[in-house]
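One-letter residues, chain by chain:
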Amino acid sequence: MVKKDTEKKEMIFNGIPAAPGIAFGEVFVVNVDELPVTPDPISSKDIKPEIAEFEDALKRTGEELSELHKALAAEMGEDHAKILDSHIMILADEMMKDETIDLIKKEKVGAAYAFTKIIDKTLTAFEHMEDQYLKERAEDIKDVKRRVIRNLLGQKTEGIANLRKKAIVVARNLTPSDTVGFKRKYVLAFVSDTGGRTSHAAIIAKSIGIPAVVGLDQFSSHAKPYDQLIVDGLTGQVVLNPKPETVKLYKEAQRRFVEIEKELLTLKDYPAVTLDERLIELSGNIEMEEEVENVIRHGARGIGLFRTEYFFITRGTLPGEEEQYRYYKEVVKKVAPDPVLFRTLDIGGDKIAKWVDDSKEDNPYMGWRGIRFTLSRKDIFRTQLRAIFRAAAHGRARVMFPMVSVVDEVRQAIAICNEVKDDLKRERYQYGEDVEIGIMIETPSAVVMSDLLAREVDFFSIGSNDLVQYALAVDRGNSRISYLYDTLHPAILRMINDTVTSAHNAGIWVGLCGEMASDTRIIGILLLIGLGLDEFSASAYFIPEIKKIIRSVTYDETRVLVKKALKMSTSAEIIKLCNEFIEEKRPELLEYIPQDPISER
Ligand code: PEP
Ligand code: MG
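Residues numbered from 1 in each chain as written. Chains lettered and ligands numbered in written order. Predicted model: local features only at pLDDT ≥ 70, side-chain atom pairs only at ≥ 80, totals over all residues. Heavy atoms only, no water.

What to know about the overall build of the protein chain
Heads up, the rule is: Secondary structure elements are taken from DSSP: a helix is a run of H or I of four residues or more, a strand is a run of E of two residues or more, and numbering for both begins at the N terminus. In this setup the radius of gyration rests on C-alpha atoms only. A globule is expected at 2.2 Å times the number of residues raised to 0.38. When accessible area is computed with a 1.4 Å probe and restricted to protein chains, residues below 20% of their type maximum are described as buried, those above 50% as exposed, and intermediate ones as partly exposed. We call two residues contacting when some pair of their heavy atoms lies within 4.5 Å. Here, Shrake-Rupley sampling with a 1.4 Å probe gives the accessible areas, and only protein chains in the shown set may cover a residue. We count Lys and Arg on the positive side and Asp and Glu on the negative side, and we leave His and both chain ends out. Where a charge lies is defined by one atom per residue type: Lys uses NZ, Arg uses CZ, Asp uses CG and Glu uses CD.
What the protein chain contains, in helices and strands, is 25 helices and 16 strands. Its C-alpha atoms give the protein chain a radius of gyration of 26 Å, near enough to 25 Å, the size a compact globule of 601 residues would have. Looking at the protein chain as a whole, 57% of its 601 residues are labelled buried. Contacts in the protein chain between residues far apart in sequence, at least 24 positions, make up 71% of those at least 6 positions apart. Entry remark: accessible area of the protein chain is about 25700 Å², with carbon and sulfur atoms responsible for 52%. When the 84 positive and 98 negative side-chain charges of the protein chain are each reduced to one mean point, those points stand 2 Å apart.

As C-alpha cells, this is what we get:
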C-alpha cells in the first residue's frame with residue numbers, strides 16, 4: 001500500500017542545477033531495467049492460457065506502440081514518429097510469434113521465457129551484422145522485447161511516452177533523444193542520477209523551459225511512484241516527500257523566481273549595451289524550430305547557435321535536402337532581419353542519430369564528432385550546406401563548423417561551401433551570397449592556433465561546454481568528476497582571452513555560445529563582458545538576465561576586473577574578487593543570485 005505523504009520521511013538531495021525553475025509534483029520513475037525472466041515450467045493444461053496471454057501481450061504492446069506513434073506524430077510531426085516504424089515491424093513478425101508458441105508447447109515453459117529465448121536469437125544475429133543500419137535495429141528489438149515482457153509480467157511500462165498526467169520524471173540516465181521526446185505539457189521537471197550541467201539532456205531542459213537537476217547519484221533508487229518531490233533547478237536541491245513547512249519555503253522561492261523573471265522580461269526591447277555604451281550582440285541558442293518564438297520573446301536579436309543535429313537525431317532516417325531546406329527556411333524567415341547562425345551537424349559524443357554508424361567508441365567525445373564526421377561523410381555535409389545556403393536567400397544566415405582541431409579542416413570545409421555555392425548558381429537556385437562563415441573554438445588546439453585560424457574565417461564562437469571538458473580533461477557528462485568541471489578555472493579565462501585577442505587582431509568578431517554565459521550567472525557574465533566578447537548566445541530563459549547585467553555595468557570596470565582575474569591562480573580567488581566587486585560597486589545585482597531556501601530556514 002502506498003504510504004500517505006505525511007508518513008514518509010523528508011529527504012534532501014543535492015545535485016547539479018541544470019535548468020532553472022522550481023517544480024512541485026509527483027514522481028514518475030522511468031524504469032529502464034530489464035525484468036528478470038526465469039524458465040518456470042507450466043503444466044499441459046496451462047499451455048492454452050499461456051499462449052492466449054502471450055497473444056494478448058503482443059496486442060497490448062502493439063496498441064502501446066501505435067498510441068506512442070500517434071502522440072509523437074501530433075507533437076513533433078510524422079517524420080519524428082517514423083522512429084517507431086521498425087519497432088512496429090518487429091512486433092508484427094509472424095515467425096517470431098509462431099516460434100514462441102511452438103516453444104511454449106514443446107518445452108512447457110512460460111511465455112516470457114519462450115519469447116525471450118526466441119527474440120534473443122534474432123537479437124544476437126542483428127548485433128553481429130556487418131551492415132550498420134541493421135546492427136542498429138538491435139536497439140529497437142531490445143525495446144520491443146522489454147515492452148512485451150512487461151506486458152506479459154503484468155508490470156506497467158514506465159516509459160516517458162506513457163506519461164499521461166503532470167509529473168516529475170526521475171531517471172538514472174537520460175539521453176538527448178529521451179528529452180526531445182518529452183511531452184512538455186506533462187513533464188514538470190526532470191532529475192537524473194547521472195549527467196552534468198552541459199550534458200545535452202540538460203541543455204534541452206533549458207531550451208524547453210523545464211527545471212532540471214542532474215548528477216544526483218543514487219536518487220532514483222530512493223524515489224518511488226506517487227512520492228512527492230520538489231525540484232530546485234536554481235540551486236540543485238531536490239526534496240523527496242517534503243514537510244509542509246518545506247513546501248511553504250519553496251513556494252516562496254518560486255514566487256520570487258517568477259517575479260524576477262517577470263521584471264527581467266521588461267528589458268525585452270532594450271539593447272544589450274553597457275553603461276559606457278559598448279553594444280554586445282545578444283542572441284539565442286536553439287535546437288529545434290519551435291524554440292524560435294520563445295527566444296525572440298525573451299529579447300534575443302537573432303539565433304547565435306542553431307544546433308542542427310537535433311533535426312537529424314529525432315528521426316529514424318537521414319533528412320534530404322528539400323526537407324532540410326524547408327525546415328531551415330522557416331527559421332530564417334521567422335528570425336529575419338536578424339541572423340540565424342547554423343552550426344553544421346555536430347553528431348557524436350552523447351548525440352547519436354539512429355541512421356549513423358554509431359559503432360561504440362571508447363572515447364566518443366574525442367571521437368568521430370562534428371566536422372570530423374561531416375568531412376568524412378561529404379554527401380551528408382554537402383546536402384546540409386545546400387539546404388542552408390538556399391534557406392539563406394530568405395533572410396540572413398551564418399554557417400559555423402563545430403569541433404575544429406586543425407586548420408586544414410577549416411580549409412576543406414570552406415572549399416566545400418564554395419563548391420556548393422557554385423553548384424547552386426549553375427543549377428539556378430536562389431541562395432545566400434554573403435553568408436558569413438565561422439568556426440567554433442572548443443578544442444585547446446583551436447585556441448592555441450586562433451591567430452592563424454582567424455585568417456581563415458569571418459568569426460569565432462567559443463564553445464565553452466566542450467572547451468572546458470577538453471582543456472581540463474573532464475568529461476562534461478560525468479557527475480563523479482563534475483566538481484572539476486570549472487568554467488571559471490584560470491586556464492579557461494586565459495584561453496578565452498587569447499581567443500578574443502586573436503580574433504580582434506585579425507579584425508573578426510568573436511562570440512560565446514556555450515552554457516558558460518548562463519551557468520556561471522553574474523560572475524561569468526561580468527568576466528565575459530570584460531574579456532571583450534562581441535556576442536553572447538544563450539538559452540532563452542537567460543537572455544534577459546544577461547542583458548540586465550550588461551546594462552548594469554561599464555565595460556571599463558569589467559576590463560579592470562578581468563585584468564586582475566587573469567593574474568589569479570584559482571577559481572576561488574576569481575569568485576571572491578568578483579563577489580567583492582558586486583558588493584562594492586553593483587550591489588543591486590545581488591538579488592539575481594539564487595538562494596537556497598532550506599539554508600535560509
Ligand atoms: C559548446 O561546446 O559549448 C557548444 C555550444 O556546443 P555543444 O554544447 O552543442 O557541444
Ligand atoms: Mg560543443
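Details of the coordination of the magnesium ion (ligand 2)
Geometrically, a metal with four donors at the corners of a regular tetrahedron has ideal angles of 109.5 degrees, and one with six donors at the corners of a regular octahedron has ideal angles of 90 or 180 degrees. Defined as follows: Coordination here is defined by N, O and S atoms within 2.8 Å of the metal (3.2 Å for Na, K and Ca), and since water is not considered, a site can look incomplete.
For the magnesium ion (ligand 2), the protein coordination sphere consists of Glu442 (OE) and Asp466 (OD), at 2.0 to 2.2 Å. Within this pair, whereas glutamate 442 is found in the loop between β13 (436-441) and α17 (444-448), its partner aspartate 466 is found in helix α19 (residues 464-472), the two being separated by 24 residues in sequence. For glutamate 442, a relative accessible area of 2% gives the class buried. The class for aspartate 466 is buried, based on a relative accessible area of 2%.

Here's the deal with the site of ligand 1
Inclusion rule: Summary of the distance rule: residues count as near a molecule or strand when at least one heavy atom falls within 4 Å of that molecule or strand. Here a polar contact is recorded for every N or O atom pair within 3.5 Å, except that within protein the pair must consist of a potential hydrogen donor and a potential acceptor, and residues adjacent in sequence are included only if both atoms are side-chain atoms. Residue classes follow a fixed rule: Ala, Val, Leu, Ile, Met, Phe, Trp, Tyr, Cys and Pro count as nonpolar, while Asp, Glu, Lys and Arg count as charged, and any other residue, Gly among them, counts as polar.
Not every one of the 17 residues close to ligand 1 is listed here, only the nearest: Arg307, Arg343, Gly463, Asn465 and Arg476. Within the backbone of serine 464, one N or O atom sits 3.1 Å away from an oxygen atom of ligand 1. Asparagine 465 is positioned with one of its backbone polar atoms (N or O) 2.8 Å from an oxygen atom of ligand 1. Against a free-state accessible area of 290 Å², the protein chains account for coverage of 100% of ligand 1. Contributions of two or more residues to the shell around ligand 1 are made by α8 (200-208), β10 (303-307) and α19. In terms of residue count, the dominant contributor to the shell around ligand 1 is α19 (3 residues). Considered class by class, the residues forming the shell around ligand 1 number 4 nonpolar, 5 polar and 8 charged.

Side note on unusual backbone geometry
The omega angle of the peptide bond from alanine 336 to proline 337 is 5°, so this bond is cis rather than trans. With respect to the helices and strands, the residue proline 337 is situated in the loop between α13 (321-335) and β11 (339-343). Look at asparagine 241: it is not a glycine, yet its phi comes out positive at around 45°. Here asparagine 241 lies in the loop between β8 (237-240) and α10 (244-265). Classification of asparagine 241 by relative accessible area gives buried; the value is 6%. Positioned with a positive phi, arginine 428 is a non-glycine residue whose angle comes to about 60°. The residue arginine 428 is located in the loop between α16 (407-426) and β13 in this model.

Quick notes on the pairing of β11
To keep things clear, this is the line we draw: Paired strands, in this sense, are two strands between which DSSP finds at least two bridges.
The element β11 is largely enclosed, with a buried count of 5 among its 5 residues. Direction of pairing for β10 relative to β11: parallel, over a ladder of 3 bridges. Its bridge partner lying in β11, phenylalanine 306 is registered against phenylalanine 342. Pairing between β11 and strand β12 (residues 396-401): 5 bridges, direction parallel.

Let's talk about the side chain of asparagine 285
Tracing the backbone shows asparagine 285 in strand β9 (residues 281-286). In this view, asparagine 285 contacts Ser207, Glu291, Val295, Gly304, Leu305, Arg307, Cys513, Glu515, Ser537, Ala538 and Ser539; residues no more than four positions away in its chain are not counted.

Some thoughts on the pattern of salt bridges
Two side chains of opposite charge can pair, provided their charged atoms sit close to one another. Heads up, the rule is: One speaks of a salt bridge when a side-chain nitrogen belonging to Lys or Arg is within 4 Å of a carboxyl oxygen belonging to Asp or Glu.
Summed over the entire model, instances satisfying the criterion amount to 36 salt bridges. Ionic pairing is found between arginine 278 and aspartate 534, a salt bridge with its closest N-O pair at 3.4 Å. Taken together, the positions of arginine 278 in the loop between α10 and β9 and aspartate 534 in the loop between α22 (521-530) and β16 (535-538) put the pair 256 residues apart, joining distant regions of the chain. Salt bridges here are not isolated pairs; linked through shared partners, they connect Glu309, Arg343, Asp346, Lys351, Arg369, Asp466 and Arg476.

Some words on the sheet that holds strand β5 (residues 187-192)
Hydrogen bonds between backbone atoms are what pair the strands of a sheet, whose relative direction is either parallel or antiparallel. The cut-off we apply is this: A fitted line through C-alpha atoms represents every axis, and for helices the fit uses only the stretch in contact; the resulting angles, taken between N-to-C directions, go from 0 to 180 degrees.
Sheet architecture is open: 8 strands sit in the order β1-β8-β7-β3-β4-β5-β6-β2, paired in mixed fashion. Only two strands of the sheet have a single neighbouring strand rather than two, namely β1 (11-14) and β2 (16-19). Each strand of the sheet is rotated relative to its neighbour by a mean of 30°, with strand direction disregarded. Note: strand β3 (residues 22-29) against strand β7 (residues 228-232), 5 bridges, orientation antiparallel. The residue bridging glycine 25 from the neighbouring strand is leucine 229, located in β7. Set on the sheet, α8 makes contact with β2, β5 and β6 (212-214); between it and β2 the angle comes to about 50°. Across the sheet, α10 touches β3, β7 and β8, and the angle it forms with β3 is around 125°.

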